[in-house]
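# Topology and contacts: notes
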Amino acid sequence: MSRALVWLCFVSFSCSGIYEVKGSLWYELITHQLERIEEKLTDRNNVTQARIDSLAKNVETVNFNLLDRIAKLETTMLSKQRSMESQLKGIAASVSTLNNQTGQILKNHFDLVIASCGMAKTTGVYRLQVPNMDVFCESSGGGWLVIQRRFHGETNFYRTWYDYRTGFDTVRAHSELWLGLEPIHQLTAGGQYELFVYIENELQQGRHARYSEFKVSQEDDGYRLTVGGYSGTAGDALSSHNGAKFSTSDVDNDRNRTMNCADELRSGWWFTDCGASNLNGLFKKASSGYGIAWGSWTKAGRYSKMMIRRK
């Protein structure tokens with residue numbers, strides 16, 4: 001439009017003569033054109049301004065919405081932060097409690113892991129370091145380790161060589177058990193041990209036998225028994241088994257040439273010629289008259305316990 005105005009001005013200046021001839025008509029024409037141009041410019045300015053106003057309003061709306069969303073986001077983040085801080089405090093408290101409990105468990109564990117029953121503070125089940133296994137310790141009398149116990153007859157002691165080698169039944173306060181020939185060998189091979197035997201007869205009268213020397217050799221030697229130095233009230237029914245190998249129904253190491261004593265007596269023991277004692281015999285006396293035997297004291301004992309202690 002500016003170019004048209006310049007052109008019109010130039011024409012009007014150059015044709016001043018024509019103005020004089022056609023003065024009023026030309027002037028009105030120019031004036032009319034200028035008014036139309038002014039109207040168009042005004043309309044365009046109005047449209048542009050309307051667009052600017054609309055855009056500004058939209059920008060304002062968007063800006064308001066953004067600010068509102070940012071404010072809500074900040075509120076949400078603050079709430080989550082506080083929730084996370086609360087959860088972290090709870091976790092920290094739980095971790096602290098767990099650490100305390102773990103420490104107590106470890107303390108209890110280390111209290112229960114012992115090198116020998118001489119370290120046992122009370123009677124009960126402990127974890128022995130060597131061999132690595134659970135054992136039952138009796139703290140009274142200087143710390144004895146129970147290797148055999150019978151009192152209700154629910155556990156079958158007529159077992160194979162494998163069972164007697166590894167041990168059977170669960171080590172706990174009120175259970176019959178056989179610790180196992182291999183653990184007994186490992187224990188007695190590591191030092192000098194003594195043996196204490198307690199046995200009750202058919203009338204539940206109790207007596208004891210104590211041996212100052214007790215040892216069991218390795219498996220390839222048949223878990224041979226070394227025992228001696230008797231004292232006590234039950235009579236010496238084990239010294240005659242000194243030097244005997246262990247026998248079971250499936251491994252006959254006894255000195256009897258006519259029968260397998262372990263199979264005959266339904267037991268596992270250090271039999272010689274069947275011998276004077278058999279604490280692993282039948283809990284109830286068999287028809288043959290054999291049961292839990294200890295010399296002349298009993299042939300059908302109702303309770304037996306063998307315990308060893310390092311000297």
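In the block above lies the structure referred to throughout.
The structure contained in this document is the topic of the report that follows. (Residues numbered from 1 in each chain as written. Predicted model: local features only at pLDDT ≥ 70, side-chain atom pairs only at ≥ 80, totals over all residues. Heavy atoms only, no water.)

### Describing the environment of W178
Residue placement: W178 occurs in strand β5 (residues 177-178). Classification of W178 as buried rests on a relative accessible area of 1%. The spatial distance from the C-alpha of W178 to the C-alpha of Q148 is 4.7 Å, given a sequence separation of 30 residues. Leaving out residues up to four positions away in the same chain, W178 has contacts with I147, Q148, F157, D163, Y164, G167, F168, I184, F246, W270 and N280. (Helix = DSSP H or I, 4+ residues; strand = E, 2+ residues; numbered from the N terminus. Buried < 20%, exposed > 50% of the residue type's maximum accessible area, 1.4 Å probe, protein only. Contact = heavy atoms within 4.5 Å.)

### Here's the deal with the pattern of salt bridges
Applying the stated rule across the entire model yields seven salt bridges. In this structure, R210 and E194 form a salt bridge, with 3.2 Å as the shortest nitrogen-oxygen distance. One end of the pair, R210, is in strand β7 (residues 206-216); the other, E194, is in strand β6 (residues 193-200), and 16 residues separate them in sequence. Classification of R210 by relative accessible area gives partly exposed; the value is 30%. On the basis of relative accessibility, which here comes to 10%, the residue E194 falls in the buried class. (Salt bridge = Lys/Arg side-chain N within 4 Å of Asp/Glu carboxyl O.)

### Observations concerning the packing of aromatic side chains
Here a ring pair, both rings aromatic, is described through the centre-centre distance and the interplanar angle of the planes. Tallied over the entire structure, the rule returns 15 aromatic pairs. When the ring of Y211 is compared with that of Y230, the centres are 5.5 Å apart and the planes differ by 55 degrees; the resulting orientation is tilted. Placement of Y211 in strand β7 and of Y230 in strand β8 (residues 225-232) is noted, with a sequence separation of 19 residues between them. The class for Y230 is partly exposed, based on a relative accessible area of 28%. Where F246 meets W270, the ring centres are 5.1 Å apart and the plane angle is 85 degrees; that geometry is what we call edge-to-face. On the criterion of sequence distance, the pair formed by F246 in the loop between β8 and α6 (261-264) and W270 in the loop between α6 and β9 (277-278) is long-range, its members being 24 residues apart. Like W270, F246 is buried. Joined through ring pairs, the aromatic side chains of F157, W161, Y164, F168, W178, F214, Y223, F246, W269 and W270 make up one cluster. A cation sits over an aromatic face here: R150 above F157, 4.2 Å from the ring centre. Lying over the aromatic face of F168, R159 brings its terminal NZ or CZ to 4.2 Å of the ring centre. (Phe/Tyr/Trp six-rings, centres within 6.5 Å; stacked < 30°, edge-to-face > 60°. Lys NZ or Arg CZ within 6 Å of the ring centre and 35° of its normal.)

Any link to function would need more than the numbers given here.
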